[in-house]
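Residue-level listing of the chains:
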Amino acid sequence: MPWRLLRFATAKQHPEPRMFTAHAELKKSYDVVIIGGGGHGLSAAYYLGRDHGITNVAVLEKGYIGGGNTGRNTTIIRSNYLTPEGVKFYDESVRLWQDLSTEFDLNLFYANRGHFTLAHTDSALRTMRWRAEVNKHYGVDSEVVGPDFVKQAAPMIDLSCGGHAPILGALYHAPGSVARHDAVAWGYGKGADLRGAEIHQQTEVLGIVVKGGKVCGVQTSRGFIETNKVLCAVAGFTPRILEMVDIKTPLYIHPLQAMVSEPIKPWLDPILVSGSLHIYISQSARGELVMGASLDPYEVQSTRSTLDFVEGLSAHMLDMFPFLSHVKVMRQWAGMADMTPDFAPIMGKTPVEGFYLDAGWGTWGFKATPVCGKTMAHTVATDTPHPLIHGFSLDRFRNYALTGEKGAASVGH
Ligand code: FAD
Ligand code: PYC
């Protein structure tokens, strides 16, 4: 054990402060109450203080910060989306990500690796070409590449994928990156705390009081709070909160599972995704292989993991990387993905005055953490949707004006 760590453990006084202040009591009222201490809720609290000077803010988290999908995700960050709305939005997020470690004075282990979406069929290749052209049009660095380029970037790959699904090419997105997920929650939490927001863990929202179509308070497991503005950022729990304000959305919840291997020597630099094999993989700074697949094919609000998932994912992973056959799977887990019919999020104002929604983040919301916080803080502070979220309003389902992002949201679904 390093000497500095030992000294820290045995010291009576700890010179390094906690990440954020533990407040014994809730205040009677706040200007803004944020439900959910995941990356999105904490980031909104941070930008409310930083950009709008709104600091009388409470973030209410029923468990511990980052314990939801923020701490369960596989941390892929990219902006190679399909729709103009998506590309511009995620591109702004990638820009914000690049400065975050410095801004927080906390190492988020942001690692630029390059991202490949593999195409195994002609039609997949056509979609990659489409995405590349939209991306380039908006200044995002994406290009269609051939199998040789893929092999050069990942020499251990079997380009024939066991003969089942030969790789014909890929969408290569140089800015594709990964980051340390917990640190993102800690960084935004620390930053929000420094600006005056209060973070209350172990505090569950049980009800929202609406009078005359306007929010006027929140019932929590620790008592009642007066407020006129509530931001809901609870990912897989969104339908439960929406019941409290009687808002209907087309959200549906599916489990999304992932797993990691034992740590092995670094051999994989880029992030690889195969829609046809329904798998993706990257190697973490610790050497673990971080792997995932598509959504579980049933609607259920549960974070249970299954053997079926490990078997299916491993079989397809071995098609691509047969040399991994002796590598052990160390752990697996699941999160609850709040899915929309068009695979774009739901952000902005709602029919209830003072109730704002940041939801529909399904399998793709980690990368959006910075831009969600920034745009939702703007929306809450000014009561006007930020221009970058116009394509994501709840109204679009009523107006049949969907933002079809299925071809780029994450793995094949
Ligand atoms: P969360 O982090 O889930 O936070 C919501 C919080 O709300 C939780 O902590 C919860 O406890 C709290 N809460 C709920 N109800 C209440 C209540 N009543 N009162 C108080 N608190 C409450 N996205 C990517 O961009 N890239 C990826 O590679 C990626 N991989 C993924 C892999 C997996 C396995 C999963 C499950 C998801 C993945 N995602 C990925 C999606 C991403 O994780 C989520 O979209 C994102 O983390 C959502 O963040 P959030 O802050 O909105 O929600
Ligand atoms: O959003 O890129 C993504 C992603 C990959 C796996 C899960 N989400």
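Quick look at the structure, then. Predicted, not measured: the structure shown is a model, and the values here were computed from it.

1. Quick look at unusual backbone geometry
Argument step 1. Although it is not a glycine, Cys161 adopts a positive phi angle of roughly 50°.
Argument step 2. By the secondary structure assignment, Cys161 is in the loop between α5 (147-153) and β6 (169-173).
Argument step 3. Notably, Gln202 is not glycine yet its phi reads approximately 55°, a positive angle.
Argument step 4. Within the secondary structure, Gln202 is located in the loop between β8 (198-200) and β9 (205-211).
Argument step 5. Since its relative accessible area comes to 56%, Gln202 is described here as exposed.

2. Concerning the nonpolar core
Argument step 1. Among the nonpolar cores identified, the biggest contains 58 residues, and Ile34 and Phe89 are the most heavily contacted of them.
Argument step 2. The biggest single contributor to this core is helix α3 (residues 84-104), with 8 residues.
Argument step 3. Apart from the residues within four sequence positions on either side, Phe89 is in contact with Met347, Trp361, Ala368, Val371, Cys372, Thr375, Leu388, Ile389 and Phe392.
Argument step 4. By size, the runner-up hydrophobic cluster in this structure holds 27 residues, among which are Val150, Ile281, Leu289 and Phe309.

3. Things to note about the site of ligand 1
Argument step 1. As a matter of local geometry, ligand 1 sits amid 36 residues, with Glu61, Asn69, Thr70, Thr74 and Lys367 nearest to it.
Argument step 2. Lys62 places a polar main-chain atom, nitrogen or oxygen, 3.1 Å from a nitrogen atom of ligand 1.
Argument step 3. Between Gly365 and ligand 1, the recorded distance is 3.0 Å, taken from a backbone N or O atom to an oxygen atom.
Argument step 4. About the coverage of ligand 1: the protein hides 97% of its 1000 Å² of free accessible area.
Argument step 5. Counting residues per element, the ones that place at least two in the shell around ligand 1 are α2 (39-52) and β13 (252-261).

4. Comments concerning the sheet that holds β13
Argument step 1. Pairing is mixed in the open sheet, where 8 strands are placed in the order β5-β6-β4-β14-β15-β16-β13-β17. In this open sheet, the two strands that pair with only one neighbour each are β5 (142-145) and β17 (329-339). Strand after strand, the sheet turns through a mean of 20° between neighbouring axes, direction not considered.
Argument step 2. Relative to strand β16 (residues 289-295), strand β15 (residues 279-283) runs antiparallel, the two sharing 5 bridges. Bridging from a neighbouring strand, Gln283 pairs with Leu289 of β16.
Argument step 3. This element, helix α4 (residues 122-137), spans β4 (115-119), β5 and β6 of the sheet and lies at about 150° to β5.

5. Points about the pattern of salt bridges
Argument step 1. Enumeration over the complete set of coordinates arrives at 16 salt bridges.
Argument step 2. Put simply, Arg129 and Glu143 hold a salt bridge, and the shortest N to O gap is 3.5 Å. Remark: Glu143 occurs in strand β5 and Arg129 occurs in helix α4; sequence separation between them is 14 residues.
Argument step 3. Judged by its relative accessible area of 31%, Glu143 falls in the partly exposed class.
Argument step 4. Within this structure, Arg50, Asp51, Glu103 and Lys374 form a network of salt bridges that share partners.

Thresholds, definitions, all that
- Residues numbered from 1 in each chain as written.
- Chains lettered and ligands numbered in written order.
- Predicted model: local features only at pLDDT ≥ 70, side-chain atom pairs only at ≥ 80, totals over all residues.
- Heavy atoms only, no water.
- Helix = DSSP H or I, 4+ residues; strand = E, 2+ residues; numbered from the N terminus.
- Buried < 20%, exposed > 50% of the residue type's maximum accessible area, 1.4 Å probe, protein only.
- Core = buried A, V, L, I, M, F, W, Y, C linked by side-chain atoms within 4.5 Å.
- Contact = heavy atoms within 4.5 Å.
- Near = heavy atom within 4 Å.
- Polar contact = N/O pair within 3.5 Å; in protein donor to acceptor, adjacent residues only side chain to side chain.
- Areas by Shrake-Rupley, 256 points an atom, 1.4 Å probe, with all protein chains shown as cover.
- Pairing = 2+ DSSP bridges.
- Axes fitted to C-alpha atoms, helices over the stretch in contact; angles between N-to-C directions.
- Salt bridge = Lys/Arg side-chain N within 4 Å of Asp/Glu carboxyl O.

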